2 protein chains.
Amino acid sequence: MAPIPSSPETVFTYGAPQLKFGSGASAEIGYDLAQYGARRVLIVTDPGVAATGAPQRIADQMKPYGVEAEVFDGVRVEPTDAGLREAVERARDSGPWDAYVAVGGGSSIDTAKAINLLTTNDGELADYLNPPVGAGRAPARPLLPLIAVPTTTGTGAESTTVCVLDVLALKVKTGISHPRLRPALAVVDPDLTRTQPAGVTASAGMDIVCHALESYTAKPYTSFERKSPEQRVPYCGANPVADMWSERALSLIARSFRAAVRDGDDTEARADMALAATFAGLGFGNAGVHIPHAGAYPIAGRVREFRPAGYRAEEPLVPHGMAVALTAPEAFRFTFEACPDRHIRAAELLAPGMEPPRDAAEHLPRALLSLMRDIRMPDGIGEVGYTGADVPALVDGAVKQRRLLDMSPRPVTEEDLAGIFTRSLSLW
Amino acid sequence: MAPIPSSPETVFTYGAPQLKFGSGASAEIGYDLAQYGARRVLIVTDPGVAATGAPQRIADQMKPYGVEAEVFDGVRVEPTDAGLREAVERARDSGPWDAYVAVGGGSSIDTAKAINLLTTNDGELADYLNPPVGAGRAPARPLLPLIAVPTTTGTGAESTTVCVLDVLALKVKTGISHPRLRPALAVVDPDLTRTQPAGVTASAGMDIVCHALESYTAKPYTSFERKSPEQRVPYCGANPVADMWSERALSLIARSFRAAVRDGDDTEARADMALAATFAGLGFGNAGVHIPHAGAYPIAGRVREFRPAGYRAEEPLVPHGMAVALTAPEAFRFTFEACPDRHIRAAELLAPGMEPPRDAAEHLPRALLSLMRDIRMPDGIGEVGYTGADVPALVDGAVKQRRLLDMSPRPVTEEDLAGIFTRSLSLW
């Protein structure tokens, strides 16, 4: 199977934002900003979230603490390099700022990370993008405090050190990854997710599921060669801390995912999903993800006509969580043999009432398929518009995510990926 | 039972240092300091730890990163106000510093917290001590980065926001508590705990057990009245995040505590205990502790002749973890009725193989007593020198820890405490 390291890693790292969680938590951000000594802050959001009134309400609630806020609502869903450059320009022109507050989904939070980086450090976006697309430069100076306020229950961007974006000229998804990008504080207020439509709850929820499952089954940190401190990366492989967050996220999902999709007013289920998203973010943000996330990049990037229910999308769109989920059953059928115990344990947590199938390799795929049918995920990548003829292009896109594929507990070839995509054309 | 709040709390907070864990982790501190831009740092330790050579080795390993370190080895075990003032003076005289590194047990880490506070903020120790002893002032300015490197597996001081000390003139134990005191980074290297004698492993390990059990059974955050952001404290009551850390710490304890006491060279057991100490610290550091910790203050403070095995103590001493443990079986027998499910679950985690007793209230006390006998804890407070005649004075000492007693899931009177101390004179 995977090669055995000559000098195995003995150290893992774990980083996290401070957390304030619960109904009403977003009303206290002025106080939190004052603790950082901030007086003038930029709120980064997208037009859809701005329309709910939440960013302006958060801005107004800061005034008693002597904090003045401006709302920038120009974030584009699925940020591009062009969009990020524009957002950074706007922030530079209207700055200087003492802190940033991101209110929204992963796109808003990631845009705020890029703004924070490029208003505190020299250079331009391309300098910091992961190689080979960019120069992979590390920020030389500390960033400003960023408070992340997620309004969708999925990405976990409030916990992570990455900013993901599309580079338009290269038609490639890449990112910036550095511990300094991590928000200082995550304010998770389940009340802000009430307006999330069922389709968004379903897709974003599958992102949570896959964060937990992929980081739980990722190569363990001890299976890598020993790193020098300079070589350490935030994603260090499965480890005891990330495992714990992933397990707990799966239990919350088992209890509340179906209910949250069925009834958007089920406040307990909403709160569980908000907690699960954060927990899974704290897990994968320190361990890493693998095949389903690598496959999601081309599935989302090469979309033709698909328009999902529940999304106000002007353009065709395969939502990130859906794109991740559609190859997950086949990916975990493939990785099973590398660490059967973890796959079985994950299935037990995700589907505690399920009768274990005779073939243990089927346990996790079946738990996933049952969940995906119940929350009305499409029946495979065929239903979002792909055919067997697209498989080579999807494989090409997935292999570009080498950093993710290297986290797979079982080494994965292009042929393996082709098999996973082909068998994912129709799932049931 | 406990009064029901008119407007129940809906928000909990969670803070933690960044973590680097594993064999060899302490060799990388120079790199970590360089990330904070530090060039000149003070290493805070005690003479016993200094004699192991670890602090000097850590200092030497910083040089390649351009970080210059000085070792201050004047920390006293169980810090006093006088000792802390002296340490602060020394740090002020030899400063300014860019960062601090604490290498040692809770005493060294807490001393470094006080030094950090009083070299970055105005005022003196008494200004910051918890009321009514001190003025309870909050630090107006951010502190410097503090890297905590625990060499004992117990206190969890690397995770918490408190500095505990004896105020000599008042013969009272109190502390300073503020989120800004929390170390920025915990470097937990199990190799540094190899020299810990069995008696220290046993007492410090009981501190871990009680951190986990007390925070797991603490009043839930939702049982308090709603706080304004200004009123929030790091210890917010049992909550889903702290629960998770506590549960995992108990499982690690169940697997490795006896083995770590029996054989100091069992590196896996040592690593589990180091992880358990950190996990429990992350739990109780956000939830709180209650009766056993409140009772520990007078048990340790009023010691007469007792000298424990494994400690190089010049003075009579009841080690903190031992002092906490000795009333724990009776305390949890008392609190059982407030949240039976949590007591039973905790017992199952602590003693997974144990036959549940017919009386469920006996489950956790029996699990504790079995463990305490196996690791050779004394048979109650009688064995460390107390008699029934001391009970009123012990009660007096415990009720001064009102902040801790308020975390008890069952309201506790002086009479209740007297009963707990009396029944703890002899445990088996």
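Values in this document were obtained by computation on a predicted structure and should not be read as measured data.

K.L.:
Would you take a moment to explain the packing of helix H13 (residues 340-350) of chain B against helix H14 (residues 363-374) of chain B for this structure?
P.N.:
To describe two helices that pack against each other, one gives the angle between their axes and the distance between the axes. Residues and elements named next belong to chain B. Contact geometry for H13 and H14: axes closest at 8 Å, N-to-C directions at 30°. The angle between H13 and H14 places the two elements in the roughly parallel class. Between H13 and H14 the crossing geometry is left-handed. Along its contact with H13, which presents His343, Ile344, Ala346, Ala347, Glu348 and Leu350, the element H14 presents His363, Leu364, Ala367, Leu368 and Leu371. Residue composition of the contact of H13 with H14, grouped by class: eight nonpolar, two polar and one charged.

K.L.:
Honestly, the interface of chain B and chain A in this entry has me stumped. Any pointers?
P.N.:
Frequently, the measure chosen for interface size is the accessible area that the parts lose on association. Contact with chain B, which involves 34 residues of that partner, is made by 34 residues of chain A. Taking both partners together, chain B and chain A bury about 3,100 Å²; carbon and sulfur atoms supply 54% of that area. On the surface where chain B and chain A come into contact, there are six salt bridges. Residue Glu28(B) pairs with Arg226(A) through a salt bridge whose shortest N-O separation is 3.8 Å.

K.L.:
Got a minute to help me understand the domain arrangement of chain A in this structure?
P.N.:
All names here are of chain A. The domain boundaries assigned to chain A delineate domain 1 (24-188) and domain 2 (198-423). A straight line from the C-alpha centre of domain 1 to that of domain 2 covers 25 Å. Between domain 1 and domain 2, the residue contacts involve 20 residues of the former and 23 residues of the latter. In this assembly, domain 1 packs against domain 2 so that about 1,600 Å² is buried in total across both faces, 60% of it on carbon and sulfur atoms. Broken down residue by residue, the surface that domain 1 buries against domain 2 is led by Thr153, Gly154 and Lys173, which jointly contribute 31%. Here domain 1 and domain 2 share zero salt bridges between them. Taken together, the links from domain 1 to domain 2 amount to two residue pairs in polar contact (both at pLDDT 80 or more). Listing elements by their share of the side of domain 1 that touches domain 2, those giving two or more residues are strand S7 (162-167) and strand S8 (172-177). Per-element accounting of the side of domain 1 that touches domain 2 gives the leading share, three residues, to S8. Classifying every residue of the side of domain 1 that touches domain 2 gives five nonpolar, 11 polar and four charged.

K.L.:
I keep staring at the pairing of strand S5 (residues 99-104) of chain A and nothing clicks. Help me out?
P.N.:
Each regular strand shows side chains that alternate between the opposite faces of the sheet. By the criterion of burial, S5(A) is predominantly enclosed, with six of the six residues buried. Here S5(A) shows no split at all, with Ala99(A), Val101(A) and Val103(A) on one side and Tyr100(A), Ala102(A) and Gly104(A) on the other all buried.

K.L.:
When you look at the UniProt feature "domain: Alcohol dehydrogenase iron-type/glycerol dehydrogenase GldA" (unreviewed entry) in chain A in this model, what are you seeing that I'm missing?
P.N.:
Those residues carrying the UniProt feature "domain: Alcohol dehydrogenase iron-type/glycerol dehydrogenase GldA" (unreviewed entry) are residues 18-190 of chain A in this numbering. Structurally, residues 18-190 of chain A comprises 30% helix and 24% strand, and the distance from its first C-alpha atom to its last is 17 Å.

K.L.:
Help me out: how do you make sense of the pattern of salt bridges in this one?
P.N.:
Pairs can form between side chains of opposite charge once their charged atoms are near each other. Scanning the entire structure with this criterion turns up 60 salt bridges over all chains. The shortest N-O distance in the salt bridge between Glu28(A) and Arg232(B) comes to 2.7 Å. One end of the pair, Glu28(A), is in the loop between strand S2 (18-22) and helix H1 (29-35); the other, Arg232(B), is in the loop between helix H7 (198-217) and helix H8 (240-262), on a second chain. By relative accessible area, which is 4% here, Glu28(A) ends up buried. Arg232(B) gets classed as buried once you look at its relative accessible area, which sits at 16%. Here the residues in one salt-bridge network are Glu9(A), Arg226(A), Arg232(A), Lys20(B), Glu28(B) and Asp32(B), joined through shared partners.

K.L.:
Explanation requested: the packing of aromatic side chains in the structure shown.
P.N.:
For any pair of aromatic rings, the description consists of the separation of the ring centres together with the inter-plane angle of the planes. One pass over the structure, following the stated rule, counts 13 aromatic pairs over all chains. An angle of 70° between the planes, with centres 6.3 Å apart, marks the rings of Tyr14(A) and Trp245(B) as edge-to-face. Taken together, the residues Tyr14(A) in strand S1 (residues 11-14) and Trp245(B) in helix H8 connect one chain to another. Neither Tyr14(A) nor Trp245(B) differs from the other in exposure class; each is buried. Here Tyr31(A) and Tyr65(A) contribute two aromatic rings whose centre-to-centre distance is 6.0 Å and whose plane-to-plane angle is 75°, an arrangement assigned as edge-to-face. With a gap of 34 residues between them, Tyr31(A) in helix H1 and Tyr65(A) in the loop between helix H3 (54-60) and strand S4 (68-72) connect regions that are remote in the sequence. On the basis of relative accessible area, Tyr31(A) is assigned to the buried category, the value being 18%. One aromatic cluster in this structure is built from Tyr14(A), Trp245(A), Phe279(A), Tyr14(B), Trp245(B) and Phe279(B). Above the ring of Tyr216(A), the side-chain terminus of Arg342(A) is found at 4.8 Å from the ring centroid.

What counts, and at which threshold
- Residues numbered from 1 in each chain as written.
- Chains lettered and ligands numbered in written order.
- Predicted model: local features only at pLDDT ≥ 70, side-chain atom pairs only at ≥ 80, totals over all residues.
- Heavy atoms only, no water.
- Axes fitted to C-alpha atoms, helices over the stretch in contact; angles between N-to-C directions.
- Helix = DSSP H or I, 4+ residues; strand = E, 2+ residues; numbered from the N terminus.
- Parallel < 35°, antiparallel > 145°, perpendicular 65-115°, else oblique.
- Left-handed = near helix turned anticlockwise from the far one by under 90°.
- Contact = heavy atoms within 4.5 Å.
- Nonpolar A, V, L, I, M, F, W, Y, C, P; charged D, E, K, R; others polar.
- Buried area = accessible area lost by both parts, 1.4 Å probe.
- Salt bridge = Lys/Arg side-chain N within 4 Å of Asp/Glu carboxyl O.
- Domains from an automatic or database assignment.
- Polar contact = N/O pair within 3.5 Å; in protein donor to acceptor, adjacent residues only side chain to side chain.
- Buried < 20%, exposed > 50% of the residue type's maximum accessible area, 1.4 Å probe, protein only.
- UniProt positions renumbered as here; feature names shortened; annotations may be inferred.
- Phe/Tyr/Trp six-rings, centres within 6.5 Å; stacked < 30°, edge-to-face > 60°.
- Lys NZ or Arg CZ within 6 Å of the ring centre and 35° of its normal.

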